Amino acid sequence: MTLLGDFALLLALIAGGWTVVIGFAGARTGREETIRSAEGAMKAAALALTVAAGSLAVLLLQKDFSVEYVAQYTSRSLSVFYTVGAFWAGQAGSLLLWAWVLSLIGAAVVFQNRARNRDLMPWVTVTIGVVIVFFTILVTFYANPFDTLPVAPADGQGLNPLLQNYGQWVHPIALYLGFVGFTVPFAFAVAALVTGRLGDRWIRTVRRWTLWAWVLLTAGILFGARWAYVELGWGGYWAWDPVENASLLPWLVGTAYLHSVVVQEKRGMLKVWNVALAIGAFAMSIFGTFLTRSGIVSSVHAFAESSMGPLLLGFAFLSVVIGTALIVWRLPLLRPSGRVGSLVSREAAFLLTNLLFVGMTIVVLWGTIYPIVSQAVRGVEVSVGPSFFQALMAPLTIVLIALVGACPLLAWRRASGKHLKRNFTVPLSVGATTFVVLTVLNRGAHTLVVLVLALGAFVLATVTMEMYRGLAARHLHHGESWPRALLNLFAFTPRRYGGPIIHAGVVVMLAGIAFNVGLKEEREAQLSVGESLEVAGTTVTFEDLVFEQTPVKFALIGTFRATDADGNDLGTIRAEQAEFEGQQRVTEVGMRSTLASDLYVVMNNVDPTERIATVLVFHEPAVFWIWTGMVIIVLGGILAAWPWRTDRASRVGAEELELPSAFEEPEVAR
Amino acid sequence: MIAVAIASFMLLLAVAYLIARPFVAPLRYSQEAPLEQLLTDRERLRAQLRELDMDFETGKLAQQEYDKLRARRLQQIEATTHAIHETEPDEVGVGQTEDVDPEEIERRIAARKHVLEELEVLTCPGCGNSTDPDDKFCRRCGVDLATTAETR
């Protein structure tokens, strides 16, 4: 089986190399069969990598411990669910998954464009081919999952208990898919730059790919945050850990890209921004992988360390250099066909959005790499804590929320005074009223939370008004009943209304975060059984401590009873400290969640003979709303990205279509 | 072992087939016929028109801007329709009720008139480039539009 895997990797490498070399030749000569052969090689690489991935899956399921990777990440007692999940528990498997998914996406792109975008496709194929070859080289020569051990151990080391969570099936997969997905807009941006066809056709072609990449990346981050919160026991969901930042960087750039392209489609502007952001999102994905894989920074993902850091960093750097060179070369063709007519216009708001996202990216990037730079340049070890990120990200985020509310209310080109009054009166009043009422209720305390909530109310008012106007327009002008209008609104222009839903989700999430950051409380105390501590009005009593021994773990289980300020019983909470066979010590968080807040109990340094433990209790307000907001964001993204009507036959002559509109001359696809 | 060898060999064959096939038997994916292309183009233009209407109805576009863009879009639709008739005069157009709807024709004539008026007002007297009503200078040739405003 390892032979088949190795052979498949070799074939994938050859096929990938063929895609790049022959594809390049085809792109230069324009010979149809050469280009088709390169595209065929892309499919061949996908096939070979599928066989390689299948081989690894079979080896894992067979628990063939003569294979180093299998011995390292599985054991006899590991369930099938986590045995398959161990595929991407380590470096080699993760990279194979990456290369495999990328090749599948490449093959899908080739198939999708077999009769379309023929001018762009040679370069798209070459670009995706280069990335496939790069990752296949990493898998084959630097982290090969098919390496065998001289002597097969009797049992494997088992999967890190922290990874034994259903999140292992969602968080890494979604993130990889998101990272890999940004290769498609990157490849098309490169192709558009090389061929000089810089209209909005490439943007329309990759729109859905980019949206899915974004949705998956968002979902991956959401699950990562949730996983950290319920599993790691530090009472938080985001710590500005370098690896968390690694996922945030492509997300920020990708989000800017998704907004920025709207302006090019509508007004033929921000073209330089769009190619730069497409290239940047890809480079950030690779850079994020570098941060995670290089071991250059310490983090909860430290298990993913390896020596291939310089290669990944070099590759990210190379994509930026080539991208920049292409953009500079094509600057004359990237001139906007319109211009920002006024500062009070939607174009200007979009431009500001771009600037804000880029500002956030720079903050996160600098905060993440500063310790590395400092270490390298001055030899001084420094660490950049959450306070740095919070201090800089909070104001940028607040301006961004204000913009989320204001942007949809602004007209394109220029907004007249009358227009502004008509659009802004209601949402601004709602926001201002919220601010005043909450300030009075809180007697001026918690200004930041109040400000975020007021801005949130402003955004929600905008979103509601937006929806209402859309409905009213359909109802009045098309004579549709209200329910029919609602259905059609989503069915025919999902993009237009996916956006506001995402914005509503962002507001719910940020309000949750503001609450949580502003009102979080924590208490730590050494308690023996029978003692209690109080946090935010809730009394937590250490009621009992028991042992539990299973074949895989030895656990100490503490039972805690929570009572509110009036003495009402809120039920029991079970926290656990477990030691897995041959693995590290793991704490299982005890939690009691309500819509308003979570009570979060962690038990450390347990002394079973003295029946004493260090107990850490967090009062975590509004966490439920953070998850809810994130779920709304993902659902809105799916709504926008879903292929509602893709059938070619039903498209022509259909009564209504979901198609992007261009105010300027549309570029006709040939 | 034999199974692995057979699987490897089949994989090799499949990869070789995918790579070599375009040279041996060229793949022919028919590019869209010109007529079909035109129909798609027109569909897209119509959809854009509806988007535009929606933008205007939901207050995202000023009246003046809307009129200008709508007229331009209608012109393009007409041009495409014309091209469709040229390509296939007998087959297309039948059953396309929108093309023969008198109200629609009326509306288009009005829109066309409007756009012609607009074009007259919004063109640079120096070079013919389109300009905005409150532009002081021409974007392309730099002619002072404020002083030539009376003459244009």
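Residues numbered from 1 in each chain as written. Chains lettered and ligands numbered in written order. Predicted model: local features only at pLDDT ≥ 70, side-chain atom pairs only at ≥ 80, totals over all residues. Heavy atoms only, no water.

### Some details on the overall build of chain B
Piece 1. Helix and strand content of chain B: six helices and zero strands.
Piece 2. Counted from the first residue to the last, chain B has its helices and strands arranged as α-α-α-α-α-α.
Piece 3. Per-residue burial over chain B gives 39% buried out of 152 residues.
Piece 4. Sequence separation of 24 or more characterises 45% of the internal contacts of chain B that already satisfy a separation of 6 or more.
Piece 5. Total accessible area computed for chain B in this model is approximately 8,800 Å², and 60% of it derives from carbon and sulfur atoms. (Helix = DSSP H or I, 4+ residues; strand = E, 2+ residues; numbered from the N terminus. Buried < 20%, exposed > 50% of the residue type's maximum accessible area, 1.4 Å probe, protein only. Contact = heavy atoms within 4.5 Å. Areas by Shrake-Rupley, 256 points an atom, 1.4 Å probe, with all protein chains shown as cover.)

### Brief notes about the environment of A:L334
Piece 1. Among the secondary structure elements, A:L334 is positioned in the loop between α12 (309-329) and α13 (346-377).
Piece 2. For A:L334, the residues in contact, after removing those within four places along its chain, are A:L193, A:L198, A:K271, A:V272, A:V275 and A:I327.

### So, the sheet that holds strand β4 (residues 553-563) of chain A
Residue and element names in this part refer to chain A.
Piece 1. Here five strands make up an open sheet; going across it, the order is β2-β3-β4-β5-β6 and the pairing antiparallel. Both outer strands of the open sheet, β2 (532-535) and β6 (585-588), are each paired with one neighbouring strand and no more. Across the sheet, the axes of successive neighbouring strands diverge by a mean angle of 25 degrees, strand direction being ignored.
Piece 2. By the bridge criterion, four bridges tie β2 to strand β3 (residues 538-549) in an arrangement that is antiparallel. Across the sheet, the residue bridging to E534 is T539, located in β3. (Pairing = 2+ DSSP bridges. Axes fitted to C-alpha atoms, helices over the stretch in contact; angles between N-to-C directions.)

### Considerations on a nonpolar patch on the surface
Residue and element names in this part refer to chain A.
Piece 1. Side chains of F435, V436, V440, L448 and L451 sit close together on the surface and give an oily, nonpolar patch of about 430 Å² of accessible area.
Piece 2. Secondary-structure elements contributing two or more residues to the nonpolar patch are α15 (417-441) and α16 (447-477).
Piece 3. With three residues, the single largest contributor to the nonpolar patch is α15. (Patch = residues over 30% accessible without salt bridge, like charges linked within 9 Å, V, L, I, M, F, W, Y side chains within 5 Å. Salt bridge = Lys/Arg side-chain N within 4 Å of Asp/Glu carboxyl O.)

### Details of the packing of helix α1 (residues 2-29) of chain A against helix α2 (residues 32-61) of chain A
All names here are of chain A.
Piece 1. Where α1 meets α2, the axes come as close as 7 Å, and the angle between the chain directions of the two elements is 160 degrees. In this view, α1 runs roughly antiparallel relative to α2, as classed from their interaxial angle. The chirality of how α1 crosses α2 is left-handed.
Piece 2. Classifying every residue of the contact of α1 with α2 gives 20 nonpolar, nine polar and no charged. (Parallel < 35°, antiparallel > 145°, perpendicular 65-115°, else oblique. Left-handed = near helix turned anticlockwise from the far one by under 90°. Nonpolar A, V, L, I, M, F, W, Y, C, P; charged D, E, K, R; others polar.)

### What to know about the side chain of A:T361
All names here are of chain A.
Piece 1. With respect to the helices, strands and loops of the structure, T361 is situated in helix α13.
Piece 2. Assessed through its relative accessible area of 7%, T361 is described here as buried.
Piece 3. T361 has contacts with L249, L252, V253 and M284, leaving out every residue within four places of it along the chain.

### Thoughts on unusual backbone geometry
All names here are of chain A.
Piece 1. If you check the backbone angles, W240 has positive phi at about 55 degrees while not being a glycine.
Piece 2. Turning to its location among the elements, W240 is positioned in the loop between α9 (201-231) and α10 (242-267).
Piece 3. The exposure class of W240 is buried, given its relative accessible area of 14%.

### Topic: the sheet that holds strand β1 (residues 521-528) of chain A
All names here are of chain A.
Piece 1. Taken in spatial order, the four strands of this open sheet run β1-β9-β8-β7, and their pairing is antiparallel. If you trace the sheet from one side to the other, it starts and ends with β1 and β7 (590-593), each paired once. The mean angle between the axes of side-by-side strands here comes to 15 degrees, regardless of whether they run parallel or antiparallel.
Piece 2. Where β1 meets strand β9 (residues 612-621), eight bridges bridge the pair, whose relative direction is antiparallel. By the bridge assignment for β9, L527 is matched with A613.
Piece 3. Across the sheet, α9 is in contact with β7, β8 (597-607) and β9; its angle to β8 comes to roughly 50 degrees.

### Things to note about the nonpolar core
Piece 1. A:L96, A:V124, A:F135, A:F188, A:W202, A:Y257 and A:W627 are the most contacted members of the largest nonpolar core, which has 179 residues in total.
Piece 2. If you look at the next biggest cluster of nonpolar residues, it comprises 18 residues, including A:A562, A:A575, A:A613 and A:V617. (Core = buried A, V, L, I, M, F, W, Y, C linked by side-chain atoms within 4.5 Å.)

### What about the environment of A:K63?
Residue and element names in this part refer to chain A.
Piece 1. Note that K63 resides in the loop between α2 and α3 (68-73).
Piece 2. Taking the relative accessible area as the measure of exposure, K63 reaches 19% and is therefore buried.
Piece 3. K63 sits 92 residues away from D155 along the chain, and the two C-alpha atoms are 8.8 Å apart.

Keep in mind these numbers describe shape, not what the thing actually does.
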